[in-house]
Amino acid sequence: MKSFVHFNTRSVDEAIHLLKKYEGKAKINAGGTDLLGVLKDRILPEYPEAIINIKTIPGLSMIEDGEEKILIGALTTLADIINSSLIEKTFPLLKEAALSVASPQIRNVATIGGNLCQDTRCWYYRYPDGIGGRINCFRKGGKTCPAVSGENQYHAVIGAKKCYAVCPSDLAVALTALGANLTIAGQKGVRTIPVEEFYHPLGNTLSPDEMITAIHIPKPFPVARQTFHKFTLRKPIDFAVVSVSSLIFLDQEICTSSRIVLGAVASAPFRAYKAEEFLKEKKLSAKTAEEAARLALDGSKPLAKNAYKVEIAKTLVKRAVQGTE
Ligand SMILES: Cc1cc2nc3c(=O)[nH]c(=O)nc-3n(C[C@H](O)[C@H](O)[C@H](O)COP(=O)(O)OP(=O)(O)OC[C@H]3O[C@@H](n4cnc5c(N)ncnc54)[C@H](O)[C@@H]3O)c2cc1C
């Protein structure tokens, strides 16, 4: 690791003041489960001068029940989400997504805010300086994405143009399906943004002086069937090859509306709008599930080694629509 200045902050205002002062040369540290590895391997395009610890800010770790929504503080750990009876009852999908992340030790420290802002796992981007020098990929300011003609087994199959890295966050996929919003505090004040609009092809929309303070999830009225499916190569700990989070609103067997979101197929959670539109007012059956799966992946453009992801994604969408494991 290189040396940096370290601050234990006591308030959101103090953290924002420091972020502003360092003008993009500071990083927030929450649980540190992603950031510390990133710092050790010198992965970031520019090494930060300052690390701003936000775990010392009181009040950012909580789960609060409101009339129409549930509020989760940015410092709430994944373990707290998993152990919350309120989350289990209201958003089982979110619990399942959190439970699928890493190991119990990591989930005990990893925060929901950090999960949403974690860096991509693309192996070209993450190639450590220490074992042969950095790979200057498009995301790091280079001209091309080496995955396009290289080892692209885990890369994007939908919508990528210059960088084929995928968003690794399982919670982002679940929260997009749940229609959650983020509260973001910055030098200019507080803003709210849907999780669905938080990501862009090279990361997220946070300005250098901003941080997430909370996540709001509207309660699903009327009651919806919630599912989270994740395909991984290693069962005990692994990032998704593909995941699907879904909310299916049902009247008897008729789908009145749905939200179907695919993970690890694009630079952001991918909302399968065409499938959602198709399912409206349809009776759910194997046939409708098949067509919804086809439409969900319509327009996908896999690379040489990742066409298998499209087939896996279709299978998971079918399971989501039919409510099967
Ligand atoms: C072995 C292993 C397996 C994993 N498997 C999975 C998996 O299957 N699925 C999955 O989704 N994730 C997985 N992860 C990633 C893990 O979930 C993240 O490392 C963790 O959630 C990050 O949370 P943190 O609090 O430790 O964040 P940190 O490491 O502290 O921060 C991560 C990033 O987010 C930024 N940040 C943190 N909090 C905020 C905030 N409030 N506002 C703005 N920026 C912020 C930091 O500056 C940093 O850039 C895995 C990690 C490991 C090490």
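Note that the coordinates shown come from a computational prediction; the quantities given were computed from them, not determined experimentally.

Scoring rules and cut-offs
Residues numbered from 1 in each chain as written. Predicted model: local features only at pLDDT ≥ 70, side-chain atom pairs only at ≥ 80, totals over all residues. Heavy atoms only, no water. Helix = DSSP H or I, 4+ residues; strand = E, 2+ residues; numbered from the N terminus. Rg over C-alpha atoms; globule rule 2.2 N^0.38 Å. Buried < 20%, exposed > 50% of the residue type's maximum accessible area, 1.4 Å probe, protein only. Contact = heavy atoms within 4.5 Å. Areas by Shrake-Rupley, 256 points an atom, 1.4 Å probe, with all protein chains shown as cover. Pairing = 2+ DSSP bridges. Axes fitted to C-alpha atoms, helices over the stretch in contact; angles between N-to-C directions. Parallel < 35°, antiparallel > 145°, perpendicular 65-115°, else oblique. Nonpolar A, V, L, I, M, F, W, Y, C, P; charged D, E, K, R; others polar. Core = buried A, V, L, I, M, F, W, Y, C linked by side-chain atoms within 4.5 Å. Near = heavy atom within 4 Å. Polar contact = N/O pair within 3.5 Å; in protein donor to acceptor, adjacent residues only side chain to side chain.

Our next topic: the overall build of the protein chain. Counting its secondary structure elements, the protein chain contains eleven helices and 15 strands. The globule rule puts the C-alpha radius of gyration for 325 residues at 20 Å, and the 20 Å found for the protein chain is close to it. For the protein chain, the spread of C-alpha atoms along the principal axes amounts to about 60 × 50 × 35 Å. Expressed as a percentage of the 325 residues in the protein chain, the buried residues total 53%. Counting only contacts in the protein chain whose residues sit at least 6 apart along the sequence, the fraction spanning at least 24 positions is 65%. Summed over its atoms, the accessible surface of the protein chain is roughly 15200 Å², and 53% of this surface lies on carbon and sulfur atoms.

Moving on to the sheet that holds strand 4 (residues 63-65). Sheet architecture is open: five strands sit in the order 4-5-10-6-7, paired in antiparallel fashion. The strands lining the two open edges of the sheet, one partner per strand, are strand 4 and strand 7 (189-194). Between one strand and the next, the sheet's axes are offset by a mean angle of 20 degrees, whatever the strand orientation. Relative to strand 10 (residues 211-218), strand 6 (residues 181-186) is paired through five bridges, and the arrangement is antiparallel. If you follow Thr 183 over to strand 10, its bridge partner there is Ala 214. Its contacts with the sheet put helix 1 (residues 12-21) on strand 6 and strand 10, and the angle it makes with strand 10 is roughly 130 degrees.

This next bit is on the packing of helix 5 (residues 92-99) against helix 8 (residues 170-177). At a closest axis distance of 9 Å, the pairing of helix 5 and helix 8 adopts a crossing angle of 170 degrees. Overall, the two elements helix 5 and helix 8 adopt an arrangement that is roughly antiparallel. In contact with Leu 93, Leu 94, Ala 97 and Ala 98 of helix 5, helix 8 contributes Asp 170, Leu 171, Ala 174, Leu 175 and Ala 177. Among the residues forming the contact of helix 5 with helix 8, the class breakdown is eight nonpolar, no polar and one charged.

Moving on: the environment of Arg 107. Summarising the element assignment, Arg 107 is placed in helix 6 (residues 104-109). Judged by its relative accessible area of 12%, Arg 107 falls in the buried class. Expressed as a C-alpha distance, the spacing of Arg 107 and Ala 79, which sit 28 residues apart in the sequence, is 5.2 Å. When residues no more than four places from it in sequence are discounted, the contact partners of Arg 107 are Thr 77, Leu 78, Ala 79, Ile 82, Ala 98, Leu 99, Val 101 and Ala 102.

Core analysis: the biggest nonpolar cluster contains 42 residues, and Leu 94, Leu 175 and Ile 215 have the highest contact counts within it. In this view, Leu 94 contacts Ile 72, Ile 81, Ile 87, Leu 171, Ala 174, Leu 175, Leu 178 and Ile 217; residues no more than four positions away in its chain are not counted. Among the nonpolar cores identified, the runner-up in size contains 29 residues, and Val 244, Ala 292, Ile 312 and Leu 316 belong to it.

With that settled, consider unusual backbone geometry. Located in the positive-phi region is Glu 23, a residue other than glycine, with phi close to 45 degrees. Residue placement: Glu 23 occurs in the loop between helix 1 and strand 2 (26-29).

In this section: the site of the ligand. Taken together, 33 residues lie near the ligand, and Ile 28, Gly 32, Thr 33, Thr 111 and Asp 170 sit nearest. Separating an oxygen atom of the ligand from a backbone N or O atom of Gly 31 is a distance of 2.8 Å. Here the ligand, which alone exposes 970 Å², has 92% of that area covered by the protein. Its residues placed into classes, the shell around the ligand shows 16 nonpolar, eleven polar and six charged.

What follows is about the sheet that holds strand 1 (residues 5-8). Here three strands make up an open sheet; going across it, the order is 1-3-2 and the pairing parallel. Where the open sheet ends on each side, the last strands, each with one partner, are strand 1 and strand 2. Pairs of neighbouring strands in the sheet enclose a mean axial angle of 20 degrees, with direction left out of account. Sheet analysis places strand 1 next to strand 3 (residues 50-53), joined by four bridges and oriented parallel. Residue Phe 7 lies in a different strand from strand 3, and its bridge partner there is Ile 52.

So far we have only geometry, and geometry alone does not tell us how the molecule works.
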